[in-house]
Amino acid sequence: MIQIEGIGNQTGKKFWRSLNELASTPKFKEWLVQEFPEGATDLLDRGSRRRFMQLMAASMGLAGLTACRRPVEKILPYAKGVEGLVHGAPQHYATVMNVAGQAQPLVVEAIDGRPVKIEGNRKHPISNGAANAWAQASILSLYDPDRSQKVLEKGKASTWEAFGAAAKATFVGDGEGIRILSGAVVSPTLASLRASLAAKHPKAKWYEYEPVNEDSALAGSELAFGDRLRPHYNLLKADVVVSLDCDFLQLDNPGLNVIRDFAKRRRAVDSAVPAGHGGDHQAAGHKADAHKADEHKADGHKADGHKADEHKADAAAHAPAAAANAAAAAPAATPAAAPAAESTSINRLYVVENNFTLTGAQADHRLRLRAADVQAFAADLAREVAAIPQGLKILGQSDKYIAALAKDLLAHKGRSVVLAGPRQPAIVHALAAAINQTLGNIGETVSYTRPGRTSSAAEITELAKEVAAGQVKTLVVLGANPVYSAPADLDFGAKYKSIATTIHLGFEVDETAAASTWHLPESHALESWGDAMAADGTVSLQQPLIEPIFKTKSAIEVVSMALGVATSAYEQVKAQSKLADPAWRQALHDGFVAGSQAALVKPAANAKAVETALNAAPKAAAGLEVVFAPSASTFDGRYANNAWLQEAPEPMTKIVWDNPALVSPKTAKELKLEEGSVIVVERGGRKVEAPVLVQPGHADNSVTLTLGYGRTSVGRVGTGVGYNAYLLRTADAMGFGTGATLAKSARTYELVTTQEHHDQAGRPVVREATVDKYKEEAHFASHEDAHIELFQLFDSFDYSKGNQWGMVVDLQSCIGCNACLVACQSENNIPVVGRDQVSKGREMHWIRLDRYFTGTEDDPEVVHQPMACQQCENAPCESVCPVAATVHSPEGLNDMAYNRCVGTRYCANNCPYKVRRFNYFNWHKDIEEVGKMVFNPDVTVRMRGVMEKCNYCVQRIQEVKIAHKVDGRKPIKDGDVLTACQQTCPAEAISFGNINDPESAVSKMKKNNRNYTLLHELNIKPRTTYLAKVRNPNPELA
Amino acid sequence: MADLAFDPKAVEQLSPPLVTGQPSLHEVTEAVSIHTEIETHRNWYIALAISGSITLLLGSMLAYLVSTGIGVWGNNNPVGWGWDITNFVFWIGIGHAGTLISAILFLFRQKWRTSINRFAEAMTLFAVACAGIYPLVHVGRPWRAYWLFPIPNADLAMWQNFRSPLLWDVFAVSTYATVSALFWYVGLIPDLAIIRDRAKTQMRHTIYGLLSLGWRGSATHWKNYEKAYMILAGLSTPLVLSVHTIVSFDFAVSIIPGWHTTIFPPYFVAGAIFSGFAMVITLMVIARWVFKVEHLVTMTHLENMNKVILATGTIVGYAYATEFFIAWYSGNEYERFTFINRAMGPYAWAYWSMVSCNVISPQFFWFKKLRTNIPFMFVLSIFVNIGMWFERFVIIATSLHRDYLPSSWGYFRPTIVDILTFFGTFGLFITLFVFFTRFLPIIAVSEVKGMMIQTEHEKHYLPATTSGSSEPVKAH
């Protein structure tokens, strides 16, 4: 890490680092910028001996100066070697980052002081070593050449000093007329600065606004419990999971641990079926091994193992093999009456939603309803399980579903959970709380903390009112972009401009920056000190890995500046943690302050209050509704300038670089819409135009608009991509609004997708069964292949020795979230090609997530299949390459020799999985210097005209092999090598390792009953195999 | 008792004259050489200007391609090969007729070949030149294309992959080009000597003198020439079959449904002969009219070629049917899908264009009236070549665009660069022809004359009653 304390900001003692800097007279500086010093041409003047001598003397002097010259810029001169530092060797540091409004604990890899790769912090209580796509991609934003780089005053370049002077003049007295608007404050240090603001300038106010927020969850808990509480879910314990419009696996994910726990319970299906040929219980073995893999790679975290990990590992060791499947569930054995064995079985997921989400794709029973009707559904369900007194049926159309669901819930008291989504109104959250209370789930599968958060919508509405009343003289916006994302009815943009002084701290020169008096460039999380409270309240420390690349400051530094706080951000964060060395050093190393979780609250829901609130709540109006969902790529718009995310296909639609309006096939037919028809959506006199995508499985009479697009000022990548759905989103309809109208315009628009075909054409690509079928026929997946013994002309290569790399992808776990795709892009320097080139089929992703629909158009099921190079032993690509640029390694890898490739593309043609990617152009041509810093130095950047593809992260394999060789030729242990996709997968769907080692996790997975080889009949012997998917439908709903 | 007397009319019907109008040997020489000797016609310049501009267009398209990347074409993933390999196979196919006429028909002593072989061989060379462009520039890094040749080079420092059909292709096509050029040149030598002997300027005399390698027409020369020609014919014959067989291996050796087919070698060779003869018809119909050699390239020649077109077209049609049958009979779902997709999928328009041009249109040649109708055969030969272009496009694009995993299915659309590059190759082809017709005898003079004398001799062995059809051949 680069220590930036004292240097770079002018608050500390001023040091000079070279004679150059010391002698920096204005004239000298001027000379520096000139190619030829003034007077250099005077030598041509004849007869001036004196002048000649002058110049000679001067140049001798200057030559001397240049000899003294040292790089003054921000590199680290290792005059004395830094202990333990090996050039080119990766170093890992724990930190935390605000990712899509949540503190995500991370471990960042830096090479020679340059962060290049982001992973999850495995030691952190809420992380499992995974990082989602947003976190993975944030490294690209760090090196974004379109980042805000300068202080701007009224659009003109200024300096921090000038701003400092202005701030000093502004922050005086009681703070009358001063308002601060920030995103949700998750940093304890920032919160303490907020407190000192209140103390120093009592009349100043601080508002928080997040366009995608937890308002309704908190308001719902207030209805149910009389307290603003945040729910936390333990899906490991839940046998029945009910989602009320809550995409907890993707857009509404409250923490990656929820995905991990959910996936563990999905994989528990194997406990129902006797083990395969091997006779051992693969799944149990896998579990134990997965924990070996839990350990950190190279940063010394290995020794000090984490509490949670330890007890899980214990569970795996002590629990009987069959029960170990849901290992972590065992130690926390529920007090409920159900036998323990059952809690290790597959869970059952019911999802009620309007749009088809990734959570819906995992559902055993998905019910599509308008978002507005979910309230009625929740009320009916609450009555059915007697959470609230019986009353009239409101919905009436899903009786059978509700009856079966209620029965299932009542049969799993204390081992079920109902989750309500953030787009749903408070009453739905209250009903969910009441149901959970009735079922005895509170304290078991759902617990609560008190985050002390107010309502975003209310706060910005209040601020808008104050601005309108002229009570705001100075508004400081910290990292938020209200001009773009504030509710449309507040007309915030116009109001913002009416404020006398507006100060905006932002990562980009965005819509708000353009309207501000002052714009201040904000530091990236990897450049600045800070802290954050994770979802469970754990104080996590944000340590910088690099000095700010541009002259930027963090929110903590800016507020300190405004308040005249002299201490640096580092000192403040350290003081805030109340830790002294060595505990502080340990906390920095771990990335969090141990044991700082927020206290759990055990509230009791008041059924009566919920009933009253339900009766008071407005009933859903019939007709067309419009739903505002965050984007899987840009979230609320903050990642709009991130090209990796823009080009990551939306998981369900596979659309890139756009945010189509989603409608159901039936609605499309009624309105005669086709894919690409441009519609005008109108609500409350506001209009947006959007291209349509017909989404199978979408609710009728409902249109889903994705937020986060239509940016007008963000950078070259994101400006003008898509339409801005915020223009329709009002404070009373932050999640959805009814009473919308939809008209078809004459225009059409070409939407670009990475997958044009949505069914499997009757082919056994993704293999799937129900639990019953699986119990009946354990090997159902491999039975779908034609087993033909083929005569082999030549002797096969002997792969029985040494490391033989192989992979298993468990389709039962995979949720299709794109984390692996972005991780791979980051690890392997995969270029971005842009919208036009994707439309021509030239996207470069080495791993893609194939998405297939099955069933009817109205109520389909969806499966995802990660697809990368399968590393075939009989690789069809290898035999056809005329220049032997793709060849097999003795360890079973299908290697690419990029510099030998001439680019005939024959290999790609002959690849049955079509996973090879060709550089049709020089994709790296226009990358600016700072953008090049994102490249992983361990991986070649491919030139135009060569083929590329997944190679199981061969650079990581080599790194470990070399380390082991240096270490005395020890054999590589299972879990020492993690591929980028495997490491970041929140669902732990990918196993990778040595298939020659019968004890390795991947070997055990390959013995799993559900294991199958895709395109087995081609006899190409791929090293990657898949575990088939099993769903767990309720027999009563069959 | 049967009348053993030959009816001259019956003889003529069985074996129609290959040279009509009874020209003298000198007249034949005149007819063939004169266009290299007269002052350049204005029309020649016009033709050169047009074809040369199109060739320049080709050059600029290739420059753009090489400087920018393969992305300027429509190729994508999954369709890694588009118009590049389609056009390569198309031109190589056209290049089949020449050597077939020269070598195989020579070995089979088909005398009718003499009037058209020079022209057809030239066409072969020019078509192979056009074809040869594509494998070179279709690679991602054309400046490294020489790595495909097993020549010692420090960059690669290893052998090529001899398992790759693409490498076989390199050998097959380069061998074919070399042998065809030699064969053509050897055949040219006596004719070059004729032009040398007729030369009126020193420069002409020197240039044609050098090119004719000191040919004096002595008996030893003729003996060596005949032997060399025979050997080259023998060498070329297997090449005619092998080159397209190996081109078909590019596809047949792969594992892609629609490509992985054992029928490909004969099917490709038949298709190549089919398209080659059609191209000869197209060009010959124009050339015999422009250069007024209708008496040397007679209706008999044209009709014979049309018969070959009919035969090979029917073979090709049969191959299409067999592919469909096997797709069904094999029970392989991927194979079945590929063929159903060809006929009914997004490229159905290409498939049915191919079937109507290749299978239906040649069937008109069952009728003698149509097969001897010049405008009709001209139009039909163009249809055949359109059809054969579509055949290659259908094989390449429809097999690739939807293979095993539906998730990776795509669609290929050519770009303007694809189209202009292909158009440009016609410019090159025609430019080479324009030069050929200006500077070289377009008909093998010595062979035609030899054939005339031989025919005359044969006639002397016929019963006396059959004479009267011709006067003795005049000496020149």
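Participant: Break down the overall build of chain B for me, with residues and values.
Facilitator: The secondary structure content of chain B amounts to 17 helices and 0 strands. Across the 476 residues in chain B, those meeting the buried criterion constitute 47%.

Participant: Describe unusual backbone geometry, naming the residues involved and giving the relevant values.
Facilitator: The omega angle of the peptide bond from A:Asp581 to A:Pro582 is 0 degrees, so this bond is cis rather than trans. Counting through the fold element by element, A:Pro582 comes out in the loop between α20 (569-577) and α21 (583-590). Going from B:Asn77 to B:Pro78, the amide bond is cis rather than trans, its omega being 20 degrees. In this structure, B:Pro78 sits in the loop between α3 (42-68) and α4 (83-94). Even without glycine at this site, A:Arg905 takes up a positive phi of about 70 degrees. With respect to the element layout, A:Arg905 can be found in the loop between β31 (894-896) and α29 (906-909).

Participant: Can you break down the interface of chain A and chain B residue by residue, with the values?
Facilitator: Listed per partner, the contact involves 43 residues of chain A and 39 residues of chain B. Elements supplying a minimum of two residues to the side of chain A that touches chain B: α28 (876-880), α29 and β32 (917-918) of chain A. Here the side of chain A that touches chain B is built from residues that sort into 20 nonpolar, 12 polar and 11 charged.

Participant: Describe the packing of helix α4 (residues 133-142) of chain A against helix α26 (residues 819-827) of chain A, listing the residues and the values that go with them.
Facilitator: A pair of packed helices is captured by two measures, namely the crossing angle of their axes and the spacing between those axes. Residues and elements named next belong to chain A. Two numbers describe how α4 lies on α26: the axes approach to 8 Å, and their chain directions differ by 20 degrees. Relative to α26, the element α4 is oriented roughly parallel. Crossing geometry of α4 relative to α26 is assigned as left-handed. Side by side, α4 and α26 meet where Ala133, Gln136, Ala137 and Ile139 of the first sit next to Ala819, Val822, Ala823 and Ser826 of the second. Across the contact of α4 with α26, the residue classes break down as 6 nonpolar, 2 polar and no charged.

Participant: Hey, could you go over the pairing of strand β1 (residues 90-99) of chain A for me, with residue numbers and the actual values?
Facilitator: All names here are of chain A. Along β1, 7 of the 10 residues are buried, which leaves the element largely enclosed by surrounding structure. With 10 bridges connecting them, β1 and strand β2 (residues 102-111) associate as antiparallel partners. Residue Val99 lies in a different strand from β2, and its bridge partner there is Gln102. In this structure, the hairpin formed by β1 and β2 is closed by a connection of 2 residues, where Ala100 is found at a positive phi of approximately 50 degrees.

Rules and cut-offs
Think of each chain on its own: its residues are numbered from 1, step by step along the sequence as written. To label them, take the chains in the order written and letter them from A, then take the ligands in the order written and number them from 1. Owing to the predicted nature of the model, reporting of local features is limited to residues with pLDDT of at least 70; listing and counting of side-chain atom pairs is limited to 80 or more, with chain, interface and lining totals taken over all residues. Starting at the N terminus, helices and strands are each numbered in turn, a helix being any DSSP run of H or I of at least four residues and a strand any DSSP run of E of at least two. Neighbour density around each residue's C-beta defines its exposure: 20 or more other C-beta atoms within 10 Å make it buried, 12 or fewer make it exposed, and counts between make it partly exposed, where C-beta atoms are placed from the backbone. Here contacts are defined at the residue level, using C-beta atoms placed from the backbone and a cut-off of 7 Å between them. Under the scheme applied here, ten amino acids are nonpolar (Ala, Val, Leu, Ile, Met, Phe, Trp, Tyr, Cys and Pro), four are charged (Asp, Glu, Lys and Arg), and all others, including Gly, are polar. Comment: axis = line fitted to C-alpha atoms, over the contacting stretch for helices; angle = value between 0 and 180 degrees taken between N-to-C directions. What sets the label is the angle itself: under 35 degrees gives roughly parallel, over 145 gives roughly antiparallel, 65 to 115 gives roughly perpendicular, and the rest give oblique. Definitions for this section: a left-handed crossing has its near helix turned counterclockwise from the far helix by less than a right angle. A right-handed crossing has that turn clockwise. Note on pairing: two strands pair once DSSP finds at least 2 bridges between them.

Function cannot be inferred from these measures alone, as they are strictly geometric.
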